[in-house]
Amino acid sequence: MRDVTTAQTPVDLDVQPTPLALLLLGREADPRSERGVECPGDLPSPSDPDLVERARAAKEKLGDKVFVLGHHYQRDEVIQFADVTGDSFKLARDAAARPEAEYIVFCGVHFMAESADILTGDDQKVVLPDLAAGCSMADMATAEQVAECWDVLTEAGIAQQVVPVSYMNSSADIKAFTGKHGGTICTSSNAKRALDWAFEQGEKVLFLPDQHLGRNTAVRDMGMSLEDCVLYNPHKPNGGLTAEELRNAKMILWRGHCSVHGRFSIDSVDDVRERIPGVRVLVHPECKHEVVAAADEVGSTEYIIKALDAAPAGSKWAIGTELNLVRRLANAHPDKEIVFLDKTVCFCSTMNRIDLPHLVWTLESLAEGNLVNRIEVDRETEQFAKQALERMLALP
């Protein structure tokens with residue numbers, strides 16, 4: 001009998017990594033995916049003790065030519081160089097309000113930089129310090145998959161009744177699809193307003209790509225039932241749904257989610273309540289429905305920040321959102337007990353690809369006149385995506 005415990009794999013076995021594996025490693029290119037590609041050029045060593053001074057010197061040399069945006073989930077080492085901080089849409093609007101800045105350095109992820117490029121002037125260049133900083137949620141809905149979904153809705157005889165609403169956390173392609181089909185974009189702050197508008201335009205909503213924000217807004221904020229929602233799975237024939245299920249639904253939710261917020265569970269909530277008597281649980285609406293239902297408060301990133309700013313001294317909070325932000329809030333409010341909802345450390349891995357070496361390399365390259373890692377949306381995609389964004393801006 002062969003001894004499987006001592007069997008050896010031939011050393012000359014030619015094993016080639018798959019294209020998906022290369023993308024996940026930040027290598028190779030797929031322009032239709034949020035997963036990025038490896039950056040050209042040589043990055044400074046992360047152990048270089050002069051990184052902070054180098055970043056400061058390059059930024060000073062660029063002066064008003066550069067405007068650095070820092071998303072709330074960024075590392076502290078990066079946030080310190082941001083001219084403004086905020087969520088993805090706020091930052092894109094801030095960039096558009098600075099037409100004198102030639103370079104917009106977006107310390108965030110790919111879809112955010114795309115949105116900034118859509119909203120800024122033609123003479124402005126949007127730069128992402130690491131092209132591999134993508135978004136797993138945005139990656140869960142591709143243009144091809146969504147086009148196929150629309151065909152399914154057409155075959156079911158309901159496409160004319162459906163208004164697409166896409167979360168800001170989506171690629172430019174998905175925003176363009178939304179604009180082309182008469183829909184709008186939403187943020188976690190204005191999702192209810194966007195859905196109210198959509199149901200004034202049609203009888204049903206196709207909500208992309210985050211199922212949890214769509215479900216939580218429909219059920220928690222608008223009084224729908226869970227039975228009013230169906231889940232479209234792009235990896236199954238017809239989305240895994242019958243024509244009758246689609247016709248009976250009010251909310252057609254895309255099977256996508258945030259890899260960070262999706263980690264929180266009822267067990268997380270129960271555990272923190274047991275460990276910290278009197279704690280208030282505050283979670284982001286990208287969390288699962290059962291977690292949102294068990295929380296004391298639910299709100300966007302900006303809501304979470306304002307709630308903790310206004311909270312009384314001595315209050316106790318467990319926050320269900322990205323860890324960098326939770327740590328920053330805890331440090332900013334030493335008079336309050338602020339903890340991460342889950343025991344497991346959970347950063348946004350793609351957001352954390354933007355680190356100080358990448359930022360230094362970017363700023364120094366721009367200071368030397370070398371444009372690197374530009375994010376540029378093609379004209380047609382930009383046209384329709386901008387329509388969807390403008391519909392959001394016009395929401396009452």
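Reading the values: rules and limits
Residues numbered from 1 in each chain as written. Predicted model: local features only at pLDDT ≥ 70, side-chain atom pairs only at ≥ 80, totals over all residues. Heavy atoms only, no water. Helix = DSSP H or I, 4+ residues; strand = E, 2+ residues; numbered from the N terminus. Buried < 20%, exposed > 50% of the residue type's maximum accessible area, 1.4 Å probe, protein only. Contact = heavy atoms within 4.5 Å. Areas by Shrake-Rupley, 256 points an atom, 1.4 Å probe, with all protein chains shown as cover. Polar contact = N/O pair within 3.5 Å; in protein donor to acceptor, adjacent residues only side chain to side chain. Salt bridge = Lys/Arg side-chain N within 4 Å of Asp/Glu carboxyl O. Pairing = 2+ DSSP bridges. Right-handed = clockwise from strand over helix to strand, strands pointing away. Disulfide = S-S within 2.5 Å. Expected span 1.5 Å × (residues − 1). Core = buried A, V, L, I, M, F, W, Y, C linked by side-chain atoms within 4.5 Å. Axes fitted to C-alpha atoms, helices over the stretch in contact; angles between N-to-C directions. pLDDT = per-residue confidence, 0-100. Lys, Arg positive; Asp, Glu negative; His and termini not counted.

**Re the overall build of the protein**
Of regular secondary structure, the protein possesses 17 helices and 14 strands. A burial count over the protein gives 55% of its 396 residues as buried. When contacts within the protein are restricted to residue pairs at least 6 apart in sequence, long-range pairs at least 24 apart make up 66% of them. For the protein, the accessible area works out to roughly 17,800 Å², and carbon and sulfur atoms hold 48% of it.

**Describing the environment of Asp 228**
Structurally, the position occupied by Asp 228 is in the loop between helix H10 (211-221) and strand E8 (229-232). Among the polar contacts made by the side chain of Asp 228, one reaches the main-chain amide nitrogen of Ser 225 at a distance of 2.9 Å.

**Quick notes on the pattern of salt bridges**
Opposite charge on two side chains permits pairing when their charged atoms draw close. The final tally for this structure, using the stated rule, is 18 salt bridges. Between Arg 54 and Glu 364 there is a salt bridge, with its nearest N and O atoms 2.8 Å apart. You can see Arg 54 sitting in helix H2 (residues 51-62) and its partner Glu 364 sitting in helix H16 (residues 356-367), a full 310 residues away along the chain. Residue classification places Arg 54 among the partly exposed positions, given a relative accessible area of 27%. Taken together, the shared-partner salt bridges in this structure form one network comprising Asp 48, Arg 54 and Glu 364.

**A look at the pairing of E8**
When E8 meets strand E9 (residues 251-254), the two strands line up parallel, connected through four bridges. Each bridged residue has a counterpart across the sheet, and for Cys 229 the counterpart in E9 is Met 251. Tracing the backbone out of E8, into helix H11 (residues 243-248) and back to the parallel element E9 gives a crossover that is right-handed.

**Concerning the state of the cysteines**
If you walk through the whole model with that rule in mind, you get zero disulfides. This cysteine, Cys 287, is not joined by any disulfide, and Cys 258 carries the nearest cysteine sulfur, 8.1 Å off. With relative accessibility at 0%, the residue Cys 287 sits in the buried group.

**Re the sheet that holds strand E12 (residues 316-320)**
Note: strands within a sheet are paired through backbone hydrogen bonds, in either parallel or antiparallel orientation. If you trace the four strands from one edge of the open sheet to the other, you get E11-E10-E12-E13, paired in parallel fashion. This sheet does not close on itself; its edge strands, each paired only once, are strand E11 (297-298) and strand E13 (337-340). Judged from the four bridges that link them, strand E10 (residues 280-283) and E12 form a sheet pairing that is parallel. Bridging from a neighbouring strand, Arg 280 pairs with Trp 317 of E12.

**Here's the deal with H16**
Across its 12 residues, H16 extends 16 Å between first and last C-alpha, which sits within 8% of the 16 Å expected from 1.5 Å per residue. Among the 12 residues in H16, 11 count as buried, and that is most of the element. Here H16 has its buried residues at Leu 356, Pro 357, His 358, Leu 359, Val 360, Trp 361, Thr 362, Leu 363, Ser 365, Leu 366 and Ala 367. Of the residues trailing H16, Gly 369 is marked for its positive phi of about 90 degrees.

**Describing the nonpolar core**
Note on soluble globular proteins: their nonpolar side chains tend to be buried together. Among the nonpolar cores identified, the biggest contains 106 residues, and Val 105, Phe 207, Met 251, Val 283 and Leu 363 are the most heavily contacted of them. The next biggest cluster of nonpolar side chains, apart from the first, holds 21 residues, and it includes Ala 141, Ile 174, Leu 208 and Ile 252.

**Considerations on the sheet that holds strand E14 (residues 374-375)**
Within the open sheet, the five strands sit side by side as E2-E1-E3-E4-E14. Their pairing is mixed. Looking at strand neighbours, the two that pair on one side only are strand E2 (84-86) and E14, the edges of this open sheet. Alignment of strand E1 (residues 66-71) against strand E3 (residues 103-107), held across five bridges, turns out to be parallel. Counted as the bridge partner of Val 66 is Tyr 103 from E3. Set on the sheet, H16 makes contact with E1, E3 and strand E4 (125-127); between it and E3 the angle comes to about 175 degrees.

**Let's talk about unusual backbone geometry**
Cis geometry marks the peptide bond from Leu 208 to Pro 209; its omega dihedral reads -20 degrees. Backbone geometry places Asn 373, a non-glycine residue, at a positive phi of 50 degrees. Here Asn 373 is to be found in the loop between H16 and E14.

**Structural notes on the confidence of the model for the protein**
Summing up the model confidence of the protein, the mean pLDDT is 89 and the portion of residues at 70 or higher is 89%. Contacts from residues 1-26, a stretch scored under 50 in pLDDT, to residues over four places away or in other chains number 18 contacts.

**What to know about the side chain of Lys 175**
Locating Lys 175 in the fold gives a position in helix H8 (residues 172-180). An unpaired buried charge is present at Lys 175: no salt bridge exists, and Glu 114, the closest side chain of opposite charge, is 5.7 Å distant. With near-sequence residues (within four places) excluded, Lys 175 lies in contact with Phe 111, Ser 115, Met 168, Ser 170, Ile 185, Phe 384, Ala 385 and Ala 388.

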